[in-house]
Amino acid sequence: MDTFPYQWQLDKLKVLFVENERKSSELFVSCFDEEFLIIPVATAEDALEVFDKESDIAMILTDQNLPGMSGVDLLSRIYSQAPEVIRIIITAYIDISDTIDAINKGHIYQFILKPWDVVQMRMILGQAAQTWVLTKENTMLHDQVVEQNRLLLETNQQCQVSEKNLRHLSTSLLNAREDEQKRIAMELHDELGQSLAALKLQIMVMKNEFQESEDVSIWLDRLRADINEIIENTRRISRNLSPVIIEDLGLDAALENMVQGFSKACGITCTFKPRSLRAIRSIDGQRLVYRLVQESLTNICKHAKATHIELIITIKEKDIAEITIADNGKGFDINSRAGELLKDKGIGMTAMEHRADMLGGSVEIKSTIGRGTTVILTFPLNSGLL
Ligand SMILES: Nc1ncnc2c1ncn2[C@@H]1O[C@H](COP(=O)(O)OP(=O)(O)O)[C@@H](O)[C@H]1O
Ligand SMILES: [Mg+2]
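Note that the structure is a prediction, hence the values are computed from the model and not measured.

A short note on the packing of helix α9 (residues 283-304) against helix α11 (residues 347-358)
Phase 1 of the analysis: The interhelical angle for the contact between α9 and α11, taken along N-to-C directions, is 155°, at an axis separation of 10 Å. Relative to α11, α9 is oriented roughly antiparallel. Pair α9 / α11 crosses with left-handed handedness. Contact with α9, carried on its side by Leu288, Arg291, Leu292, Glu295 and Asn299, involves Gly348, Ala351, Met352, Arg355, Ala356 and Met358 of α11 and no other residues of that element.

Remarks on the sheet that holds strand β5 (residues 110-113)
Phase 1 of the analysis: Pairing is parallel across the open sheet formed by five strands, whose spatial order is β2-β1-β3-β4-β5. Among the strands making up the open sheet, the edge pair consists of β2 (36-41) and β5. Strand-to-strand twist of the sheet, defined as the mean angle between neighbouring strand axes without regard to direction, takes the value 20°.
Phase 2 of the analysis: Where strand β1 (residues 13-18) and β2 come together, six bridges link them in parallel fashion. Each residue of the ladder has a partner; that of phenylalanine 17, found in β2, is proline 40.
Phase 3 of the analysis: Its contacts with the sheet put helix α2 (residues 44-53) on β1, β2 and β3 (57-63), and the angle it makes with β1 is roughly 160°.

Overview of the sheet that holds strand β9 (residues 362-368)
Phase 1 of the analysis: Taken together, the five strands give an open sheet; going across it, the order is β6-β7-β8-β10-β9, and neighbouring strands pair in mixed fashion. Among the strands making up the open sheet, the edge pair consists of β6 (269-273) and β9. Across the sheet, the mean angle from the axis of one strand to that of its neighbour is 10°, orientation sign disregarded.
Phase 2 of the analysis: Strands in contact with helix α8 (residues 251-266) are β6 and β7 (308-316); relative to β6, the strand with the most contacts, it is inclined by about 165°.
Phase 3 of the analysis: Contacting β7, β8 (320-327) and β10 (372-380), α9 crosses the sheet at an angle of about 10° to β8.

A look at the domain arrangement of the protein chain
Phase 1 of the analysis: Taken domain by domain, the protein chain holds domain 1 (5-116), domain 2 (149-242) and domain 3 (246-386).
Phase 2 of the analysis: Placing the centre of domain 2 and that of domain 3 at their C-alpha centroids yields a distance of 21 Å.
Phase 3 of the analysis: Facing four residues of domain 2, the contacting portion of domain 3 comprises five residues.

As for the pairing of strand β4 (residues 86-91)
The side chains of a regular strand alternate between both faces of the sheet.
Phase 1 of the analysis: Counting buried positions over the six residues of β4 gives six, a clear majority of the element.
Phase 2 of the analysis: Where burial is concerned, the two faces of β4 agree: the one with Ile86, Ile88 and Ile90 and the one with Arg87, Ile89 and Thr91 are both buried.
Phase 3 of the analysis: Two strands pair when backbone bridges link them, and β3 and β4 are joined in this way by five bridges, in the parallel orientation. Across the sheet, isoleucine 60 pairs through a bridge with arginine 87, a residue of β4.
Phase 4 of the analysis: Between the parallel pair β3 and β4, the chain is carried across by helix α3 (residues 71-81), and the sense of this crossover is right-handed.
Phase 5 of the analysis: Relative to β5, β4 runs parallel, the two sharing four bridges. Considered in β5, the bridge of isoleucine 88 is made with glutamine 110.

Scoring rules and cut-offs
- Residues numbered from 1 in each chain as written.
- Chains lettered and ligands numbered in written order.
- Predicted model: local features only at pLDDT ≥ 70, side-chain atom pairs only at ≥ 80, totals over all residues.
- Axes fitted to C-alpha atoms, helices over the stretch in contact; angles between N-to-C directions.
- Helix = DSSP H or I, 4+ residues; strand = E, 2+ residues; numbered from the N terminus.
- Parallel < 35°, antiparallel > 145°, perpendicular 65-115°, else oblique.
- Left-handed = near helix turned anticlockwise from the far one by under 90°.
- Contact = placed C-beta atoms within 7 Å.
- Pairing = 2+ DSSP bridges.
- Domains from an automatic or database assignment.
- Buried ≥ 20, exposed ≤ 12 C-beta atoms within 10 Å, placed from the backbone.
- Right-handed = clockwise from strand over helix to strand, strands pointing away.

Dropping the structure here:
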């Protein structure tokens, strides 16, 4: 016996056989009931009733010449309810108008002439079964694709919301950090700075008191020099914590001051080619630029082992500002950082990206091991953000 490709499935395919001639119906059942689960009925009405009750009918074979409703009309009804069911018509004679009807209305899969031949019928049923299984699998795959697309879309939307929330959170964090640093800077300046100044005065008074003793005088001079250094360091820390200098002197002077300070503190020579950034009106915008340059310079000081820095500010077409900070240090492997989680990489460059984003711009970092690092910050001066 031929085996059909669907037979690996546990259930036999259901076949609805509509025929009012009993002998013909019995012959069909006896020939094919091992391979198929056959439901024989005698009228179109019975066929429709079975069709309503039974699920997963794979094929319907019907005689054209039925009492009441014709085979073609039955198939046309079935087609409108379940287009995936394979529809086969069996007819004793070929009438051209019936044929056209069957094709147009019933969307039939195959015509079989009566009396049918068992071998040919088996072949047609086999092919029909294969078509049905393929169609089913296709529909299942299609449904899976649709479902997966839906899930993807949903995940994508969730990702977008999370990203928005994260941006909001990191903006708030950066702002909170800025506020906190400002508070600490003021405490340092006002409290510690004032106390140190008072201490310096007391030393001067003491020096007057003990002017006869040379030893004490030398000792007090040293103490005063130490306190001066502490005051200077406190000022520097306070300035770095919160760049009030921007508010006092403006961004251009603040940047120049910072570059000089870094050059001196880190012992690195610096070529500075400034252009005025006074088009940045808001203090928040100015602070963002200041912090970006500061982070770059801190990284050079901390990691680069460079001997020279070039800091070039240019204003390009359409009011695009570009700040390039290049060092001749040891460089690093940027790509190895790309896939890393935030917790595994420094926060500095991530904060730089975020600050550049807040400026409506972007930051590009190029680095070659042994040949230095270049940070290019680009942002529009007229984005309305500044
Ligand atoms: N100019 C530079 N030269 C060499 N390495 C650098 C430079 N800038 C950054 N890096 C490398 O990138 C890493 C990440 O920098 P960053 O995000 O600022 O974090 P952090 O400075 O806290 O380590 C640094 O640890 C360092 O290895
Ligand atoms: Mg850093």
